[in-house]
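# Secondary and tertiary structure notes
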Amino acid sequence: MTAPLDHLTANGHLERFFIGGAWVTPRGTASAGVTNPATEKVVCRFPLGTDADVDAAVAAARKAFPGWSRRAPEHRAELLSRLAGLLETRYELFAQCLTLEMGAALGYARATQVPLAIAHVKTAIEVLSDFAFVKPRGHTAIAHEAIGVCALITPWNWPLYQITAKVAPALAAGCTVVLKPSELSPLNALLFAEVIEEAGFPAGVFNLVQGDGAGVGAALAAHPDVDMISITGSTRAGVAVAQAAAPTVKRVAQELGGKSPNVILPDADLSSAIAPGVAAAFRNLGQSCSAPTRMIVPRARLSEVEALAKQATEEIVVGDPLSEASTHGAIANRAQFDRVQTMIEAGVAEGAKLVTGGPGRPEGLETGLFVNPTIFSDVRTDMRIAQEEIFGPVLCIIPYDTVDEAVSIANDTVYGLGAHVQGSNMEAARDVAAQIRSGQVHLNYPAWDPHAPFGGFKQSGNGREYGLEGMLEYLETKSILGYF
């Protein structure tokens, strides 16, 4: 199969933006490099957008909005179905792309990153098929109408997954979009734009402008013709977008940082609770905003938890992302690699017990952005490693004496995105789940549900993605009195 770079270069799309249904030459001259995290080598360069590019993309989306929003839901669903099918035909190309630009192990990209991204498109189709855009309430009609032009800002850690999680429900709702993917993982977005074009979406319904947050992101947030902006990123970035958007009073949806707890109740079966907890904390090499990186455990069982967690971690194979032997690849970029190293060193300096891992690269890996999966125990909730989002494979084990204390520790964070609870007594587990201040709680490691709304409390953001609630974000509510 053609490699992603060869494919994009051959089509001439690496150097272009997709605006108004066509591949166009950027207005500016600035560019940035894409670095392969496994080799630390720049593999290509791509253009960065300007205010003029943003203006062109927003104008195209604005022009397309009236026709697209008035199209029958069945027609929008048909085009989304074509999109899902085309994503599946290019499955391997997308997987290779994610490995190249953000270091995911190829097996993980194939098994998780790409299929879950496709699932978001299929979920949007299911929601659209069952949704009533006009509902009676007495003599009044409650109408749900597309909000308008939506600017979508997506991150580097789950690149394709977050694109489809925003684009699919926005298009299903009848909105038109301008996508700004992360400048650290831009290539999969170009492949996605190709699929949009091949699926036959009308010109201007989907537009792609590459760029950084200070340039394209800020321009989109402040643009008077953008009706809504949805960002997935750091809390710092979310605050900046909200501030830029405030003068135009546009809707702002934010899925931001997290420091998710995993509460192990006293009656939990540790043999089935600890290893999956380690795996969940270290999925995508810990580069997940909802990763449960605080394991809160009964103090009386601390040594047993430590042994099981260490055993599970030692089964992880960090290495060449292209090797089938590797379960985990490289950290996605140098800034994040340095951040992880800094926080591991902070944990050591603060006196947390190092159970396994530690600073530096794994043995035998002298180059590349590879890190040691690391577990600290006897962590106090006031330590930096317990409070700050690390965004790497670093797990904190925090002991508690009572369940009330466990709940208090779980809530002792500025974040509130995800949480986990493990226990044999479901009534007790549900009671703890009800007390945790987070937008999503997982009981005993359930299967992923693309219809389960996802979003945060507190500084983890506002708004919801996925499922019905994910599409509702892109709709305005209108009441028409005397309709019936």
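The coordinates are above.
Computed from a predicted model, the values in this text were never measured in an experiment.

### Considerations on the pattern of salt bridges
What the rule picks out here adds up to 19 salt bridges. Between Arg299 and Asp401 there is a salt bridge, with the nearest N and O atoms lying 2.9 Å from each other. Of this pair, Arg299 sits in the loop between strand E13 (294–298) and helix H11 (302–314) while Asp401 sits in the loop between strand E16 (394–400) and helix H14 (403–411), and the two are 102 residues apart along the sequence. Judged by relative accessible area, which is 39%, Arg299 ranks as partly exposed. A relative accessible area of 53% means that Asp401 is categorised as exposed. Glu388 is the partner of Arg384 in a salt bridge, and the nearest nitrogen-oxygen pair spans 2.8 Å. Given a relative accessible area of 34%, Arg384 falls into the partly exposed group. The partly exposed category is assigned to Glu388, whose relative accessible area is 26%. One network of salt bridges, with partners in common, ties together Glu40, Arg334, Asp338 and Arg361.

### Details of helix H2 (residues 51–70)
For H2, built from 20 residues, the straight-helix expectation of 28 Å at 1.5 Å per residue is met to within 8% by its first-to-last C-alpha distance of 29 Å. The largest bend in H2 amounts to roughly 45° and is located at Ala64, with the proline Pro66 lying one to four residues further along.

### Looking at the pairing of E13
Counting buried residues along E13, five of its five residues qualify, which places the element largely inside the surrounding structure. Pairing analysis gives three bridges linking strand E12 (residues 261–264) to E13, with the strands arranged parallel. Among the inter-strand pairings, Val263 is bridged to a residue of E13, identified as Ile296. Crossover handedness for the path E12 to helix H10 (residues 270–281) to E13: right-handed. Across five bridges, E13 lies against E16 in parallel orientation. The partner of Met295 across the bridge, within E16, is Ile397.

Rules used in this analysis
- Residues numbered from 1 in each chain as written.
- Predicted model: local features only at pLDDT ≥ 70, side-chain atom pairs only at ≥ 80, totals over all residues.
- Heavy atoms only, no water.
- Salt bridge = Lys/Arg side-chain N within 4 Å of Asp/Glu carboxyl O.
- Helix = DSSP H or I, 4+ residues; strand = E, 2+ residues; numbered from the N terminus.
- Buried < 20%, exposed > 50% of the residue type's maximum accessible area, 1.4 Å probe, protein only.
- Expected span 1.5 Å × (residues − 1).
- Bend = angle between axes of the 7 residues up to and from the residue.
- Pairing = 2+ DSSP bridges.
- Right-handed = clockwise from strand over helix to strand, strands pointing away.

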